[in-house]
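# Reading the structure
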Amino acid sequence: MAVVSESQVLDALRCVPDPDRGGDIVSLDMVSGLTVKDGHVLFSIEVDPERGPRLEPLRQAAERTVQALPGVLSVTAMLTAHRQAGQSAPQGAPPGGPAAGSAAGQAANRRGGGGGAGGRIEIEGVKAIIAVASGKGGVGKSTTAVNLAVAFGVNGQRVGLLDADIYGPSMPRMMAISGKPTSPDGQRIDPMHKHGVSVMSIGFMVPEDTPMIWRGPMVQSALTQMLRDVNWGELDVLVVDMPPGTGDAQLTMAQSVPLSGAVIVSTPQDIALLDARKGLNMFRKVDVPVLGIIENMSYFACPHCGGRSEIFGYGGAKAEAERLGCEFLGEVPLDLHIREASDAGEPIVLTQPESEHAAIFRAMAGRLWAKLADPAAAGVRQAPRILIQ
Ligand code: ADP
């Protein structure tokens with residue numbers, strides 16, 4: 001089978017004109033982050049923010065052109081709008097609802113006022129955005145994000161779930177969603193809907209077994225598109241499943257999304273190894289309040305006798321959370337039903353609504369909602385108001 005190269009892709013893109021500027025998108029230096037791997041092509045097209053909404057046909061033309069090359073299996077082109085230096089970010093959160101003027105709005109204002117962090121993304125209609133993060137992979141971050149999102153919905157909030165774990169998207173599996181999202185107007189994508197939650201994941205666009213190699217600008221571009229170019233509608237809470245770890249990619253995300261707060265998920269060992277502390281410090285560094293720590297796989301719940309084994313000791317997370325000055329939101333046991341439910345795409349909050357586990361997740365979602373509605377409780381600092389008279 002023919003193997004496609006980066007230069008062939010660029011040559012093809014030289015035939016795609018910018019409709020406004022009289023030149024092709026390669027000569028105009030608009031193509032960035034080109035990655036070609038085993039026939040899968042990814043790139044972004046950088047455009048001025050004000051032209052972004054009109055240029056979806058250009059993006060599609062670029063995708064079609066590359067798709068026509070022999071040896072190309074899939075193409076993902078993304079529009080990236082780079083804010084020019086000196087241009088200020090749009091301010092404030094949308095009006096309405098108890099949380100609107102509080103955590104979300106302040107997070108947006110705080111970061112808008114900070115300057116510096118170019119490319120911060122605003123999402124109209126979304127009152128609060130919570131990151132679910134972990135110091136390392138495999139601690140149950142995605143399981144927690146899914147169950148919290150569903151629990152918000154069960155508790156009565158309008159909720160979205162963004163799978164920002166672009167290196168290992170798990171939402172198609174954990175929410176049992178197949179198929180691709182559609183774009184009725186050719187400009188913005190409708191999220192998928194399942195279990196009362198609006199969901200967006202890069203996993204809907206790229207086959208699950210496709211190895212993904214992301215370069216810096218691509219990460220930003222993918223996140224921008226999944227936040228800004230999705231019809232989230234009116235949401236009370238958007239839960240963001242972050243990529244695991246505390247590296248540069250995570251830091252960039254924490255900076256570029258107007259987060260109302262973050263939740264750190266960790267296991268007892270993780271707490272002992274201080275990985276959770278790294279996560280906490282990362283958010284503090286970018287001035288995002290940590291709403292609390294959740295201890296997952298806290299103890300082993302035996303499926304046979306119902307007994308509880310505290311394999312890694314007990315109470316460590318709570319004590320550590322106190323030491324770190326942040327709230328301990330709760331503990332979730334290592335439980336066979338949680339694993340089976342989560343890997344079957346049927347979150348336990350829904351499949352076993354009467355269970356102790358469902359109650360734990362609902363209580364944590366309730367506590368988080370209360371904190372979002374009350375900035376003082378959330379630890380969200382009030383941004384200084386600038387009055388122009
Ligand atoms: P992460 O997002 O941190 O990489 P996942 O949520 O993908 O972790 O979880 C890793 C694996 O552990 C999955 O198979 C999941 O079903 C399982 N798992 C997560 N939390 C629990 C739990 N409390 N009890 C049992 N299995 C769990």
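Placed above this text is the structure.
Just so it is clear, the structure is predicted and the values come from calculations on it, not from any experiment. (Residues numbered from 1 in each chain as written. Predicted model: local features only at pLDDT ≥ 70, side-chain atom pairs only at ≥ 80, totals over all residues. Heavy atoms only, no water.)

On to the layout of surface pockets. Taken as a whole, the second largest pocket encloses approximately 550 Å³ of empty space. At six residues, helix 2 (residues 56–67) tops the list of elements feeding residues into the lining of the second largest pocket. Tallied by class, the residues present in the lining of the second largest pocket amount to 12 nonpolar, eight polar and six charged. Formed jointly, the lining of the second largest pocket draws a minimum of three residues from each of two domains, domain 1 (6–110) and domain 2 (129–378). (1 Å grid on protein atoms, 1.4 Å probe; cavity = no way out; pocket = protein on both sides within 12 Å on 5 of 7 lines; lining within 4 Å. Points joined across faces, edges and corners; volume = space filled by probe spheres on them. Helix = DSSP H or I, 4+ residues; strand = E, 2+ residues; numbered from the N terminus. Nonpolar A, V, L, I, M, F, W, Y, C, P; charged D, E, K, R; others polar. Domains from an automatic or database assignment.)

In this section: the site of the ligand. The ligand sits among 18 residues. The nearest are Gly138, Lys141, Ser142, Thr143 and Pro333. Between serine 142 and the ligand, the recorded distance is 2.8 Å, taken from a backbone N or O atom to an oxygen atom. Burial of the ligand by the surrounding chains reaches 83%, relative to a free accessible area of 560 Å². For the shell around the ligand, a count of residues per class yields seven nonpolar, seven polar and four charged. (Near = heavy atom within 4 Å. Polar contact = N/O pair within 3.5 Å; in protein donor to acceptor, adjacent residues only side chain to side chain. Areas by Shrake-Rupley, 256 points an atom, 1.4 Å probe, with all protein chains shown as cover.)

This paragraph deals with helix 13 (residues 356–373). Compared with the 26 Å implied by 1.5 Å per residue over 18 residues, the 26 Å span of helix 13 between its first and last C-alpha is a close match. Along helix 13, the positions that sit buried rather than exposed are His357, Ala358, Ile360, Phe361, Met364, Ala365, Leu368, Trp369, Lys371 and Leu372. (Expected span 1.5 Å × (residues − 1). Buried < 20%, exposed > 50% of the residue type's maximum accessible area, 1.4 Å probe, protein only.)

Of all eight residues in strand 2 (residues 40–47), seven are buried; the element is thus mostly enclosed. In this structure, strand 1 (residues 31–37) lies alongside strand 2, joined through five bridges in antiparallel fashion. Looking at the pairing, valine 31 lines up with isoleucine 45 of strand 2. Connecting strand 1 to the next strand, strand 2, in antiparallel fashion are two residues, including aspartate 38 with a positive phi near 50 degrees. (Pairing = 2+ DSSP bridges.)

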